[in-house]
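# Survey of secondary and tertiary structure
So the chains spell out like this:
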Amino acid sequence: MRGGSVRVNDPQARPVAKEEWQLYGEPVRSRLLLGTARYPSLAVMAEAVAASGTDVLTVGLRRQSPEQLGGGSIWDHIAQLGCRILPNTAGCHTAREAVTLARMSREIFDTDWIKLEVTGDDYNLQPDPYELLEATRDLIKAGFRVFAYTTDDLVVCSRLRDLGCEVIMPWGAPIGTGKGITDPYALETLRARLPDVTLVVDAGLGLPSHAARVLEMGFDAVLLNTAVARADDPARMAAAFGKAVAAGRLAFEAGAIAESETAHPSTPVVGTPFWQSEKG
């Protein structure tokens, strides 16, 4: 859909529901991707991962220390959780830094998946679109499968798509804020204008209801960390997010009714329990 107003409840604005959920051609069960930082302990993290139902975990080389813990590094412990590892370049400020770290990640984790993050502002951790596009171009040429973390800017996301990025991760709000979706129109526009791109809302979600709303809008998945890791009970919160994501996707596939400015009786004609329409 191009041009005109965008309404999430308009069937014409919804992308066709995909029968099989995949990331770069690889099947994935859960539409919840989870981060592995800021948990009180490795044990709590493991409980949260199990409760969430996720099978993709992000790991940052610059943000997480590979210190030895019980005979192995924290990365070894994460690998033992049985999930697919998605390394990220969090903490990088230039394309050159991000590309270098991505190459290191490929060697360490034996994967060409990379969540590409290039920070442009240290106050709200907003991604730098110029460095992000440059790094994306270089990494795709080097054979990486890029998961690009960006804002909800349509032009930037379109450029990422044009470079060959198949998974784009716009934020809902600045990372760690828990504000949820701060600009619904921007996200609705992205979903409508990029119907064939896998879109994963990443950052800023704080409640399971935020995640459910994202999936109801037709986004393919969500990625979050702080909302679970810093909750009073990370495992229970992770379970709540897992259920919310599943409910949101089911609602999207079911097709929501269109909003109306006027009330309509559930039973329009007395004695007629079901809505009937005459077809000429």
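All of these numbers come straight from a predicted model, not from anything done at the bench. (Residues numbered from 1 in each chain as written. Predicted model: local features only at pLDDT ≥ 70, side-chain atom pairs only at ≥ 80, totals over all residues. Heavy atoms only, no water.)

## Quick notes on the confidence of the model for the protein chain
Per-chain confidence: the protein chain averages 86 in pLDDT, with 84% of residues scoring 70 or above. Taken as a whole, residues 1-19 scores under 50 in pLDDT and shows 37 contacts with residues more than four places along the chain or in a different chain. (pLDDT = per-residue confidence, 0-100. Contact = heavy atoms within 4.5 Å.)

## Thoughts on the packing of helix α1 (residues 42-52) against helix α9 (residues 234-254)
Two elements in contact, α1 and α9, have axes separated by 7 Å at closest approach and are oriented at 20°. Comparing the axis directions of α1 and α9 gives the class roughly parallel. Note that α1 runs across α9; the crossing there is right-handed. Of the residues in α9, those in contact with Val44, Glu47, Ala48, Ala51 and Ser52 of α1 are Pro234, Ala235, Ala238, Ala239 and Gly242. Classifying every residue of the contact of α1 with α9 by side-chain character gives seven nonpolar, two polar and one charged. (Axes fitted to C-alpha atoms, helices over the stretch in contact; angles between N-to-C directions. Helix = DSSP H or I, 4+ residues; strand = E, 2+ residues; numbered from the N terminus. Parallel < 35°, antiparallel > 145°, perpendicular 65-115°, else oblique. Left-handed = near helix turned anticlockwise from the far one by under 90°. Nonpolar A, V, L, I, M, F, W, Y, C, P; charged D, E, K, R; others polar.)

## Topic: the environment of Tyr24
Tracing the sequence through the fold places Tyr24 in the loop between β1 (22-23) and β2 (26-27). Tyr24 sits in the buried class, given a relative accessible area of 13%. For Tyr24 and Val146, which are 122 residues apart along the polypeptide, the C-alpha to C-alpha distance reads 9.2 Å. Sequence-distant contacts of Tyr24, that is, excluding residues within four places in its chain, are made with Trp113, Arg145, Val146, Phe147, Cys165, Glu166 and Val167. (Buried < 20%, exposed > 50% of the residue type's maximum accessible area, 1.4 Å probe, protein only.)

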